[in-house]
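Spelled out, the chains give:
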Amino acid sequence: MSVRRLAPDHVQPASFAFDAANENWADQQIAKYPPGRQASAVIPLLWKAQEQHHGWVPRAAIEAVARKLDMAPMRVMEIATFYTMFNLQPVGEHFVQLCGTTPCALRGAEALKKVCEDVIGPQSTVSADGKLSWLEVECLGACCNAPMAQINFDYYEDLTPANFKTLLEDLRHGRPVKTGSQIGRSCSEPEGGGETLKDPALYDGTVIGAGDWQARVTEQRKAAAEAAAAKAAAEAAAKQAEAPKAEAAKAETAKADATPAAAAKQATDTATPGRPKPSDPGQPTGAAQDTPSAAGKPQAPAAPGGDKPVK
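The notes below deal with the structure included here. (Residues numbered from 1 in each chain as written. Predicted model: local features only at pLDDT ≥ 70, side-chain atom pairs only at ≥ 80, totals over all residues. Heavy atoms only, no water.)

### Considering the layout of surface pockets
The volume enclosed by the largest pocket comes to roughly 1,100 Å³. Looking at the largest pocket, it is lined by 35 residues, and the ones nearest its centre are Thr84, Asn87, Phe95, Gln97 and Leu135. Among the secondary structure elements, those contributing two or more residues to the lining of the largest pocket are helix 2 (42–52), strand 1 (94–99) and strand 2 (132–137). Here the residues of the lining of the largest pocket sort into 14 nonpolar, 15 polar and 6 charged. (1 Å grid on protein atoms, 1.4 Å probe; cavity = no way out; pocket = protein on both sides within 12 Å on 5 of 7 lines; lining within 4 Å. Points joined across faces, edges and corners; volume = space filled by probe spheres on them. Helix = DSSP H or I, 4+ residues; strand = E, 2+ residues; numbered from the N terminus. Nonpolar A, V, L, I, M, F, W, Y, C, P; charged D, E, K, R; others polar.)

### Observations concerning the packing of aromatic side chains
One pass over the full model with this rule turns up 3 aromatic pairs. Each ring, one from Phe82 and one from Tyr83, has its centre 4.9 Å from the other, and the planes form 85°; the classification is edge-to-face. Take Tyr83: its relative accessible area is 33%, and that puts it in the partly exposed class. Taking the ring centre of Trp25 as reference, the NZ or CZ of Lys48 above it sits at 4.6 Å. (Phe/Tyr/Trp six-rings, centres within 6.5 Å; stacked < 30°, edge-to-face > 60°. Buried < 20%, exposed > 50% of the residue type's maximum accessible area, 1.4 Å probe, protein only. Lys NZ or Arg CZ within 6 Å of the ring centre and 35° of its normal.)

### Let's talk about the sheet that holds strand 3 (residues 149–151)
Here we have 5 strands laid out as an open sheet, ordered 2-1-3-4-5, and mixed in their pairing. Strands with a single pairing partner mark the edges of an open sheet, and in this sheet they are strand 2 and strand 5 (180–181). Of the pairings in the sheet, the one linking strand 1 to strand 2 comprises 6 bridges and is parallel in character. By the bridge assignment for strand 2, His94 is matched with Leu132. (Pairing = 2+ DSSP bridges.)

Shown next as structure tokens:
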């Protein structure tokens, strides 16, 4: 990222103010945002200031925008110096932004820089007549038609040293120029013309219109509607035919449940006692079966004459 600074003091205007039309336009931009958020309009106002001041933004314009938006001048300065869309130096009537990124460089942008130096002068300087200035910039998004340049608001593509020099001279002298491709290319097609969709019948509507296409589409829609109706009727008939069978099966099930054998089976199943659970008090424990209690222990027989029992 290159360092961006304001123009020297000797070229800075003493003051700046929007004209009546631009003042009204600025008020409309500010009105788009809620109260307290007027700073959101800073970029549109800087752009309009640049447009009014011959294509560049002086210090006085930055300060005027800050006052109008109730912002600190330094905050507006940060925005103006960050975005390369704002020119901080004087520019010519026709400001040439020449793309020097890889696709354009591979297609001859270096030779175009030499043309700019010869016809205009060094970068970021205005020609003596005030008509032209130039700057090398990053990709402008027209790589298919490289090399290219943006001059003011228009793109000029497929440039060569010869046609580029002619273009600059025409702009300098006010002669009409052709925007876009300078070799007759259509949009971003290959040089020499496109290789696809060459048959006009593919896009002129003649194929669609052949054979009364409206009547054909109407018949197709009618047939589709009839098929859908027939399918729905068949599904309804099948469902209606299955209904008696389902009712009969239900009746048979109810009849089987009501027979004496089924009732007896249900009674038997109900009368069968359930197996006691381990926690049931009636369930005997192993301790009760294996180990006699102290109360039930047998006593030894007593000895004759009141002697102690014999052990």
